[in-house]
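Spelled out, the chains give:
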Amino acid sequence: MHVYLDFNASYLAAFVMGLLSSLHCIGMCGSIIGTLTYSLKPELRNDKRRLFEIVLNYNLGRIFSYALAGALVGAVQIFLSMPFSQGQAHRLLQILSAAVMAGAGLYLGGWFPRFAYIEKMGSRFWKCIEPLGRRLIPVQNRTQALLFGMVWGWLPCGLIYTALALAATAQGIVHSAMTMLASGWGLYQP
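Each value, and the rule that gives it
Residues numbered from 1 in each chain as written. Predicted model: local features only at pLDDT ≥ 70, side-chain atom pairs only at ≥ 80, totals over all residues. Heavy atoms only, no water. Helix = DSSP H or I, 4+ residues; strand = E, 2+ residues; numbered from the N terminus. Buried < 20%, exposed > 50% of the residue type's maximum accessible area, 1.4 Å probe, protein only. Patch = residues over 30% accessible without salt bridge, like charges linked within 9 Å, V, L, I, M, F, W, Y side chains within 5 Å. Areas by Shrake-Rupley, 256 points an atom, 1.4 Å probe, with all protein chains shown as cover. Salt bridge = Lys/Arg side-chain N within 4 Å of Asp/Glu carboxyl O. Axes fitted to C-alpha atoms, helices over the stretch in contact; angles between N-to-C directions. Left-handed = near helix turned anticlockwise from the far one by under 90°. Contact = heavy atoms within 4.5 Å. Phe/Tyr/Trp six-rings, centres within 6.5 Å; stacked < 30°, edge-to-face > 60°. Lys NZ or Arg CZ within 6 Å of the ring centre and 35° of its normal. Core = buried A, V, L, I, M, F, W, Y, C linked by side-chain atoms within 4.5 Å.

A. The arrangement of the environment of C157 in detail. Mapped onto the elements, C157 comes out in the loop between α7 (142-152) and α8 (158-167). In this structure C157 comes out as buried when scored by relative accessible area, which is 14%. Sequence-wise, C157 and G103 are 54 residues apart; in three dimensions their C-alpha atoms are separated by 14 Å.

If you want it as structure tokens, here you go:
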């Protein structure tokens, strides 16, 4: 089987969605980065190069988790699309994705507070893996930072779920993963 990575419009849409969501993420995840940075040993905090490497690895781990979630959504999308023709399945996923994105926009505007229930969907999974992240604190090296970021990437977040809704329309495991990778790079904040 030959897999090639041609450009998919969802990559650009996901990247722009990430950029436009970054203020929210700076407010939410910025406090996490601040706390993690403050918990580092003073010699790590004061060495700008090593500090940058650790923060970069937090974010690389987080973005990797987003890409993995995208791959999982792509696999589920393929499975759920089986009873439909390809065109019908894609159209249904586009409608669902648009509804989720509209709900997120209304939520951020303060007009649809019930959208917060979407974030609660990931809470059970988060409760299972969050202790793994706690064991990695205080972070002392790049590897620990990467692993912590991989756990942190599963923190329940409505904006990530919105990007996953977009990734579900990307038509395939690789394209869905790449869509989430693009979203993660849009959200990246060192």
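Having put the structure on the table, let's press on.
B. Just a nonpolar patch on the surface, in detail. A surface patch of nonpolar side chains, amounting to about 650 Å² of accessible area, comprises L12, F15, V16, L19, L20, L60 and W185. Turning to its location among the elements, F15 is positioned in helix α1 (residues 9-38). Here F15 falls in the partly exposed class, since its relative accessible area comes to 32%.

C. Region of interest: unusual backbone geometry. Of note, the bond from I137 into P138 is cis; its omega dihedral lies within 30 degrees of zero at 5°. Within the secondary structure layout, P138 lies in the loop between α6 (123-135) and α7. Residues other than glycine seldom take positive phi values, yet Q171 does so here, at roughly 65°.

D. Representation of the packing of helix α3 (residues 48-81) against α7 within the structure. Packing of α3 against α7 brings their axes to within 6 Å, and their N-to-C directions diverge by 35°. In this structure, the crossing between α3 and α7 has a hand that is right-handed. When α3 is examined against α7, the residues E53, I54, N57, Y58, L60, G61, R62, F64 and S65 are found in contact with a partner set consisting of R142, A145, L146, F148, G149, M150, V151 and W152.

E. Molecular detail of the packing of aromatic side chains. Counting across every chain of the model gives 4 aromatic pairs. Both rings, one in Y58 and one in W152, keep their centres 6.4 Å apart while their planes meet at 80°; by these two values the pair is edge-to-face. Pair noted here: Y58 is in helix α3 and W152 is in helix α7, with a separation of 94 residues, a long-range link. Like W152, Y58 is buried. The interplanar angle of 50° and the centroid separation of 6.4 Å between the aromatic rings of F148 and W152 together place this pair among those described as tilted. Highlighted residues: F148 and W152, both in helix α7, separated by 4 residues, approximately one helical turn. Here F148 matches W152 in class, with each residue buried. Taken together through their ring pairs, the aromatic side chains of Y58, F148 and W152 make up a single cluster. The ring of Y38 has R45 lying over it, and the distance from NZ or CZ to the ring centre is 5.2 Å. The ring of W152 is capped by R62, whose NZ or CZ atom sits 5.6 Å from the centre of that ring.

F. Spotlight on the environment of M82. Relative to the helices and strands, M82 is located in the loop between α3 and α4 (86-108). On the basis of relative accessibility, which here comes to 59%, the residue M82 falls in the exposed class. Along the sequence, M82 and I26 sit 56 residues apart, while their C-alpha atoms lie 39 Å from each other.

G. Representation of the nonpolar core within the structure. Ranked by size, the top nonpolar core spans 25 residues in total, and within it Y66, F115, I160, L164, M180 and L187 carry the most contacts. Mapped onto this core, the elements with two or more residues apiece are α1, α3, α4, α8 and α9 (173-187). Counting residues per element, this core draws most heavily on α8, which supplies 8 residues. Each residue touching Y66, except ones within four places of it in the same chain, is listed here: G153, I160, M180, G184 and L187. Counting residues in hydrophobic clusters, the runner-up holds 14 residues, among them L36, V55, V139 and A145.

None of the figures reported here should be taken as evidence of function without further support.
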